[in-house]
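# Understanding the architecture of this molecule
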Protein chains: 2
Amino acid sequence: MPGLDDLAALEERPTAVLIANRLRNRIINGSFELGEQVTEAAIAAKLKVSRGPVREALQRLSQEGLLVGHRNRGVFVLELTPKDVHEIYVARRAVETAAASEIIGAGDKAVRQAARKLAALVRKLPDAVAARDWSKVAELDLKFHEALVAASGNSRLSRMFVTLAAESRICMVHVKISYRRIDMLVEEHQQMIDLLVAKDAEGLHAAIVNHMETATADLTESMEEMLRLQEADVTAPDAEAEAPSTNGQTPSRDGKTPAGAAATPDAVSKPDAAAVPAPASA
Amino acid sequence: MPGLDDLAALEERPTAVLIANRLRNRIINGSFELGEQVTEAAIAAKLKVSRGPVREALQRLSQEGLLVGHRNRGVFVLELTPKDVHEIYVARRAVETAAASEIIGAGDKAVRQAARKLAALVRKLPDAVAARDWSKVAELDLKFHEALVAASGNSRLSRMFVTLAAESRICMVHVKISYRRIDMLVEEHQQMIDLLVAKDAEGLHAAIVNHMETATADLTESMEEMLRLQEADVTAPDAEAEAPSTNGQTPSRDGKTPAGAAATPDAVSKPDAAAVPAPASA
DNA sequence: CGAATGTGGATTGTCAACAATCAATAACGC
DNA sequence: GCGTTATTGATTGTTGACAATCCACATTCG
């Protein structure tokens, strides 16, 4: 019976994964406020399921890094600081350049195949840009990079990238980016494809680094401005509005979020295990 | 009261994390067979807790990649193929070189601080090597690399590395490595430190790549030989000797070390101090 | 005698209820 | 009035039981 070789792969997903995917989409869509939220009881009630699967999904997302959980207090959606942006950028650079090297090292066939898939994604980009559909642009942008990593055939790199992509998406959605940058996206991505087919590893690395460095700079700038405004909002309304131009130092909200040091003692764990992203939003 | 600023970090861990740490240690220690095992009911019974936390811990490890879960079938400990080794190697190379760059880019102070910690680890190595304590060597080796990544101050890189380190550890423990390689470890690691303090990013990258490439080559070789033998084992012994591979179902009841009350450092109160947390000062 | 099918055992998936813990508010004493 | 302490409310952590699913073995039919 030819024709149905590879359809045994439908394998229904466990509910927890479905919930996790759904919540992930809502988080990166901006449906959740950045600060804090997400009580498992509420989710369970809304989805008409017990707290068990919801709890599992929440814990999964916590390990992906999209949610942070405080003991006996609940889980809260990740709040991104400029430091986080820098971390994400460094990590993405590492993963993506490694993926690029792997593809190029895998031979012409792999390179062509990857280039084809990437090109297909880039072709969709101009429409979204023209429509100024920022959400769509962000999605396509991330999909491009995800496809790049996936093309390396390295499941570890892909798994790592899922989290980074989600975090990047949060950035993109929650801080508005200058519109002139958006017009360069098509060109930049096309250049990466060209360098890939040319098997120019050095150039491709440089392009990736450059691409993300500029994006990150923009992001950080917008974010810092946002934080300044936010802080001014808190201090100004009542007391005397002090000179808000003091410096570029952003942080010091309250000594709460310990995103600082390297290895947090207990539960530093690891991202996703099963599915790739995929399902459309709802 | 100066001096006790940051000790509010003791924050009791949820039981699921304790269980996860414990299981992780047993996995990377080689206490679990490579093929398949791990029924949550058995673990729960042995640890005298309900299945809930155990399930959570298992799922956590699944997401770390140490266990793979089949729907409605259970979770099984990861079985490493040569392809996996390659993937791990590529990913580690990406993460560690990125970490190295970050440290060097962070300035002299950070470099010196990192070098000090790394040197302390390397100093312990010769003893283990002399004693031919392979497990200890593996532990120190991984601790070195983990410290390197942690020194970058990038929590994302650290999180990524946890899984890779655990997987690497599995490799090291389960395949015996040539003893001549072991003698080079001290030298190689020391060289990395030297390059770090010299702030020679290029050289350090090369050293890392070289260090892991040779190790990986060795590992792959040993592993392929192992697989050959294993395959011969299945085909050679005539009819049915045991059928150990596919369903073995090793009696978890008595076949395993009765961790319940017997030896081994299984103290629930102890926060586990093997490979993961790196509790900084102490 | 071989293959398809039915049955049994076991394990995971899911659920609702109980207990422990923490944050915030209110009351109290100084 | 301010600081300290008890109460309250809510949320998570944990538990045991029930239901769905799948694999393996035994049975039956061609």
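So, here is what we can say about the structure in this document. (Residues numbered from 1 in each chain as written. Chains lettered and ligands numbered in written order. Predicted model: local features only at pLDDT ≥ 70, side-chain atom pairs only at ≥ 80, totals over all residues.)

Looking now at the protein's contact with DNA strand C. Looking at DNA strand C, there are 16 residues lining it, with Thr15(A), Val49(A), Ser50(A), Gly52(A) and Gly74(B) nearest. The element contributing the most residues to the surface near DNA strand C is helix α3 (residues 51-64) of chain A, with three residues. The residue inventory of the surface near DNA strand C, partitioned by class, reads five nonpolar, seven polar and four charged. (Near = placed C-beta within 6 Å. Helix = DSSP H or I, 4+ residues; strand = E, 2+ residues; numbered from the N terminus. Nonpolar A, V, L, I, M, F, W, Y, C, P; charged D, E, K, R; others polar.)

On to the protein's contact with DNA strand D. Looking at DNA strand D, there are 17 residues lining it, with Thr39(A), Gly74(A), Thr15(B), Ser50(B) and Gly52(B) nearest. Of all the elements in the fold, those that place two or more residues in the surface near DNA strand D are α2 (40-47) of chain A together with α1 (15-29) and α3 (51-64) of chain B. Its residues placed into classes, the surface near DNA strand D shows five nonpolar, eight polar and four charged.

Another point: the packing of helix α1 (residues 15-29) of chain A against helix α7 (residues 155-174) of chain A. Residue and element names in this part refer to chain A. It is at 8 Å that the axes of α1 and α7 come closest, and there the two elements cross at 35°. Of α7, the residues touching α1 (which contributes Arg 24, Ile 27, Ile 28 and Asn 29) are Ala 166, Arg 169, Ile 170 and Val 173. Counted by class, the contact of α1 with α7 contains five nonpolar, one polar and two charged residues. (Axes fitted to C-alpha atoms, helices over the stretch in contact; angles between N-to-C directions. Contact = placed C-beta atoms within 7 Å.)

Residue and element names in this part refer to chain A. As paired elements, strand β1 (residues 67-70) and strand β2 (residues 74-77) share four bridges and run antiparallel to each other. Among the inter-strand pairings, Gly 69 is bridged to a residue of β2, identified as Val 75. Linkage of β1 to β2, two consecutive antiparallel strands, is achieved through a turn of three residues, within which Asn 72 is found at a positive phi near 60°. (Pairing = 2+ DSSP bridges.)

Now for the nonpolar core. Side chains of nonpolar character tend, in soluble globular proteins, to be buried together. Residues Val95(A) and Val95(B) are the most contacted members of the largest nonpolar core, which totals 130 residues. Discounting chain neighbours no more than four positions away, the residues touching Val95(B) are Ala94(A), Val149(B), Leu157(B), Met160(B), Phe161(B) and Leu164(B). (Core = buried A, V, L, I, M, F, W, Y, C linked by C-beta atoms within 7 Å. Buried ≥ 20, exposed ≤ 12 C-beta atoms within 10 Å, placed from the backbone.)

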